[in-house]
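Next come the chains, spelled out residue by residue.
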Amino acid sequence: MLFRSKTKALRLSQYFHDLGVFLHFQEDPLLARTVILQNEWATDAVFKVLDDEPTKARSGYFNREDCQRIWADSTYADMHLELLALMEKFELCYKLSDQPRDTWLMPQLLPPSAPEVFKDWEQAGDLVLTYSYDFLPRGLINRLMVRMHRFVRQPQLSWGSGAYFEQGSSELLAQLTASTGQEIELRARGLERKALLSVIASDLDALNASFEGLKDKVRKLVP
């Protein structure tokens, strides 16, 4: 089929993208040039990073040299930048801004246990908001960390089921509660704790809304 109108072609491409026939992120300057016809190609590339032993040993940190090693197969030749952009688009990793060379972090590979500093972190004056789920999608905290990584000043203080955010003198800890495993607690403190809590909660709301049918299966609880 020959399209004489680029606008019509892009509209049809967006339609097939929305249906999941193929992937074409038209709004992304890099990914707009690529139409991924086989989703398995992208999925396999992601799992190669998740299953990479050196990356797992570094708790999810990887760089361009790692990408060249992990994606050495000719199937991914000259597509490393597109794959990284795709992983960022799906909120699987983010690029660290304070590293001497290009480095990314996959929160899914962070240590499973909370750092010792959070053992008795709770204080009486904390501002707390709890999300209670009938069904909690896996990796929600990891995706929240990627989405809000501009507030992650010390990624080493986050872990597989918890993320630590900072803004000025204020800080917020988002974590799965140990009691049920079906709750996410946001606990903020500091002079700007209300503003920080509002920003993180707003993005968690947006993340919840991205799951079809989840809106009616989550409740906000304020102590």
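Scroll up to find the structure.
Scope of this entry: the structure provided in the associated data block. Because the structure is predicted, anything quoted here is derived from the model rather than measured.

Cut-offs and rules
- Residues numbered from 1 in each chain as written.
- Predicted model: local features only at pLDDT ≥ 70, side-chain atom pairs only at ≥ 80, totals over all residues.
- Heavy atoms only, no water.
- Pairing = 2+ DSSP bridges.
- Helix = DSSP H or I, 4+ residues; strand = E, 2+ residues; numbered from the N terminus.
- Axes fitted to C-alpha atoms, helices over the stretch in contact; angles between N-to-C directions.
- Parallel < 35°, antiparallel > 145°, perpendicular 65-115°, else oblique.
- Left-handed = near helix turned anticlockwise from the far one by under 90°.
- Contact = heavy atoms within 4.5 Å.
- Nonpolar A, V, L, I, M, F, W, Y, C, P; charged D, E, K, R; others polar.
- Expected span 1.5 Å × (residues − 1).
- Buried < 20%, exposed > 50% of the residue type's maximum accessible area, 1.4 Å probe, protein only.
- Arc of directions from axis to C-beta.
- Phe/Tyr/Trp six-rings, centres within 6.5 Å; stacked < 30°, edge-to-face > 60°.
- Core = buried A, V, L, I, M, F, W, Y, C linked by side-chain atoms within 4.5 Å.
- Lys, Arg positive; Asp, Glu negative; His and termini not counted.
- Salt bridge = Lys/Arg side-chain N within 4 Å of Asp/Glu carboxyl O.

## Quick notes on the sheet that holds strand β8 (residues 218–221)
Point 1. Read from one edge to the other, the open sheet built from five strands follows the order β5-β6-β7-β4-β8, with strand pairing classed as antiparallel. Since the sheet does not close on itself, it has two edges, and those belong to β5 (162–167) and β8, each with one partner. The average undirected angle you get between the axes of adjacent strands in this sheet is 15°.
Point 2. Pairing analysis gives six bridges linking β5 to strand β6 (residues 170–176), with the strands arranged antiparallel.

## Quick word on the packing of helix α6 (residues 140–147) against helix α7 (residues 193–209)
When two helices pack together, their arrangement is captured by the angle between the axes and the distance separating the axes.
Point 1. The N-to-C vectors of α6 and α7 enclose an angle of 125°; their axes lie 10 Å apart at closest approach. In this view, α6 runs oblique relative to α7, as classed from their interaxial angle. Relative to α7, the crossing made by α6 is right-handed. Residues Leu140, Arg143, Leu144 and Arg147 of α6 pack against Ile200, Asp203, Leu204, Ala206, Leu207 and Asn208 of α7.
Point 2. Within the contact of α6 with α7, the residues separate by chemical class into six nonpolar, one polar and three charged.

## Regarding α7
Point 1. The terminal C-alpha atoms of α7, which comprises 17 residues, lie 24 Å apart, in line with the 24 Å expected from a rise of 1.5 Å per residue.
Point 2. All of the buried residues along α7 are Leu196, Leu197, Ile200, Ala201, Asp203, Leu204, Leu207 and Asn208. One side of α7 holds all its buried residues, which, seen down the axis, span an arc of 160°. Facing away from the buried side of α7, by more than 90 degrees, are the exposed residues Lys194 and Ala209.
Point 3. Those residues of α7 that are buried are in contact with β4 (127–133), α6, β5, β6, β7 (183–189) and β8.

## Concerning the packing of aromatic side chains
Point 1. Here the structure, examined in full by the defined rule, presents five aromatic pairs.
Point 2. Note on Trp121 and Tyr164: the rings are 6.4 Å apart at their centroids and 90° apart in plane angle, and the pair reads as edge-to-face. Of the two residues, Trp121 is situated in the loop between β3 (103–105) and β4 and Tyr164 in strand β5; the sequence distance between them amounts to 43 residues. Tyr164 shares its class with Trp121; the two are buried.

## A look at the pairing of β5
Point 1. Burial runs high along β5: five of the six residues are buried.
Point 2. Once β5 ends, the chain turns through two residues before running back antiparallel as β6, passing Gly168 with a positive phi of about 65°.

## A closer look at the nonpolar core
Point 1. Core analysis: the largest hydrophobic core is formed by 31 residues, its most contacted members being Phe165 and Leu186.
Point 2. Counting residues per element, the ones that place at least two in this core are β4, α6, β5, β6, β7 and α7.
Point 3. Per-element tally for this core: the top contributor is α7, with six residues.
Point 4. Setting aside chain neighbours within four positions, we find Leu186 in contact with Leu127, Val128, Leu129, Tyr131, Leu172, Leu173, Ala174, Leu197, Ile200, Ala201 and Leu204.
Point 5. Counting 20 residues, the second-largest nonpolar core is a separate cluster that includes Ala45, Val49, Met79 and Cys93.

## Considering the side chain of Glu166
Point 1. You can see Glu166 is positioned in strand β5.
Point 2. Buried and unpaired, Glu166 has no salt bridge, with Arg153 as the nearest side chain of opposite charge at 5.9 Å.
Point 3. Not counting residues within four places of it along the chain, the set of residues in contact with Glu166 comprises Phe151, Arg153, Gln154 and Glu171.

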